[in-house]
Protein chains: 2
Amino acid sequence: MCGFMVVMTRPVLDFWFEFASSYSYPAAHRIVRLVRTADVDIRWRPFLLGPIFAAQGWDTSPFNLYPAKGRYMWRDLARICADLGLALHRPDPFPQQGLIAARVALVALAEDWGPDFVQAVYRAEFAERRQIGDRAVIADLIARLGHDPVRILTLAQSDEIKSRLRVETAEAQRIGIFGAPSFVADGELFWGNDRLEQAIGWARGQGRARP
Amino acid sequence: MCGFMVVMTRPVLDFWFEFASSYSYPAAHRIVRLVRTADVDIRWRPFLLGPIFAAQGWDTSPFNLYPAKGRYMWRDLARICADLGLALHRPDPFPQQGLIAARVALVALAEDWGPDFVQAVYRAEFAERRQIGDRAVIADLIARLGHDPVRILTLAQSDEIKSRLRVETAEAQRIGIFGAPSFVADGELFWGNDRLEQAIGWARGQGRARP
C-alpha cells in the first residue's frame, strides 16, 4: 500500500506596516476584522520607512513634503476612520518616531500579543495623540496589555531584535515596498489600506491566473 | 393658493483626468459603466498635471522619479486592466504629451462626443501604443469618430480653448488636486481610480453627514 500525505496549508498574507504611517492605522484594525472570515493567516511585519524614503531623497513623510497631498490624506483618513468608527486626532508632530514601537512589536509578535500591541500603538498615536516615540508611553501600553515593560523593553533593545528590524526593513526594500501599509500574497505586492480586500483575495487564490 | 416649484436636480460628479495619467485609463472606462446605473451626471474635466507637478518640483511623472513606485504602478495597472478586460501595452515614452488631446477633448465635450473621444485617446495610448502627442494620431481618432479633423483641430487651437484649458488647470490646482484621476462631489475630493465608487456614493448623498 502506498499513499500520499496531504498537507493542507492555509494561505498567508504578509502585512507590512510602519508605525508612523497614517493609513496603517485603519489597516491594522481592518485586517483583524477581515481575516476572521477569510481563512488567511496574517504575518505582521513591522518595518521602517525612513531608510526607504531616504533612498528616494525624502527626509520626512511625503505628506509633509507635498502639502496638497497631505491635506487630502488627512481628510481622506477622517472619512475612512468615520466609516470604521475609529477615533482620529491628528498626531503632533507628524510623523511620529516609530522605532521603539517597531522593536517592541517584534517581541510581542514572537509571543502572542503582537496584534493587540500594534493596534494599541496606533490608537495611542492617531486617536489619543500620545507620543509613541517616548519609551514611557510604550512602557504604559505594554503594562496595560498585562506584560512587564522592563522585560519587554530590555528584549526590544537586544542586538537580536535591532538586527531583525534592520533585516526586515532591507527585505521590504528588496521586494519593492515603497510605502505603508503594503500587503504581499504569493509574491504579489499590494500597496495601501484600500487594497487589503484585493490582497486577501489574491492570497486565497483568486486572481493567480491573472497577468 | 400658494405653492412651491420643486426642482429635481440630479447629483453631479466632476471627473478630473489627464491624458498622460495611467490610472485615468481604467477610470475613464469604469465611470461610463458605473454611471449608467447610478443616477449621477458626470462632468468630464480634462486638465494638465504638468504645471501642478512642476509646482512640486517634479519635471516628469512621479512613477519615473520613484522607480519602485513606477514598477508597482505598471503591475497594479496590469491587474486592474485584466479585471476590466482592457488591453494594456505600456506607452513608450511614458508619460505621453496630452496637451493636444486635452484641447480636443474640450471641443468634443462641448459637442456630444466627448466621452467617446476620451476613451479613444486612452485606448490609443495605453492599448495601441500610439503617440497621442502627435497631431496626426489625434486627427485619425477624430475622423474615426465621424468628425472633421480640420474643423476640430482648428477649434482646439483657438484662443478660447487654450484659455479654457489653462483656467481648468488652475481650478484643479485651486481645489487641491495633485494627481489624476480625481473626483469631486459636492466639494469633496477623492483621488484615484479606486475611489470612484466612493465618490459616486458621496455625490448621491451618502456620507454627507460624515466628518
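In what follows, the structure referred to is the one given above.
No experiment lies behind these values; they were computed from the predicted model shown.

(A) Just the interface of chain A and chain B, in detail. Listed as interface residues are 16 residues of chain A and, on the opposing side, 16 residues of chain B. No other element matches helix α4 (residues 67–84) of chain A, which puts 7 residues into the side of chain A that touches chain B.

(B) Spotlight on the nonpolar core. Ranked by size, the top nonpolar core spans 58 residues in total, and within it Ala101, Val104, Val121 and Ala199 of chain A carry the most contacts. Filtering out sequence-adjacent residues up to four positions away, Ala199 of chain A remains in contact with Leu13, Phe183, Ala185 and Phe190 of chain A. Judged by nonpolar contacts, the second largest core, of 57 residues, contains Tyr72 of chain A together with Val107, Ile132 and Ile142 of chain B.

(C) How the structure looks around the relation of the copies chain A and chain B. Here chain A sits on chain B after a turn of 180° about the axis and a move of 0.0 Å along it, with an RMSD of 0.0 Å. Both copies are brought into coincidence by an operation consistent with a two-fold rotation axis. Within chain A, the C-alpha atom positioned nearest to the axis of rotation is that of Asp194 of chain A, 4.0 Å from it. Residue by residue, 100% of the interface of chain A is reproduced at the interface of chain B, so both copies engage with the same surface.

(D) Quick look at helix α5 (residues 99–110) of chain A. Residues and elements named next belong to chain A. The first and last C-alpha atoms of α5 sit 17 Å apart over 12 residues, in line with the 16 Å expected at 1.5 Å per residue. Burial analysis of α5 places 9 of its 12 residues in the buried class, which makes it a mostly covered element. As for α5, its buried residues are in contact with β2 (41–46), α6 (114–126), α7 (135–144), α8 (149–156) and α9 (159–174).

(E) View of the environment of Phe63 of chain A. All names here are of chain A. For Phe63, the position within the fold is in helix α3 (residues 62–65). Phe63 gets classed as buried once you count the C-beta atoms within 10 Å, which come to 20. For the pair Phe63 and Ile52, spaced 11 residues apart in the sequence, the C-alpha separation amounts to 15 Å. Setting aside residues no more than four positions away along its own chain, Phe63 makes contact with Lys69, Gly70 and Met73.

Analysis parameters
Residues numbered from 1 in each chain as written. Chains lettered and ligands numbered in written order. Predicted model: local features only at pLDDT ≥ 70, side-chain atom pairs only at ≥ 80, totals over all residues. Contact = placed C-beta atoms within 7 Å. Helix = DSSP H or I, 4+ residues; strand = E, 2+ residues; numbered from the N terminus. Core = buried A, V, L, I, M, F, W, Y, C linked by C-beta atoms within 7 Å. Buried ≥ 20, exposed ≤ 12 C-beta atoms within 10 Å, placed from the backbone. Least-squares fit on C-alpha atoms with pLDDT ≥ 70 in both. Expected span 1.5 Å × (residues − 1).

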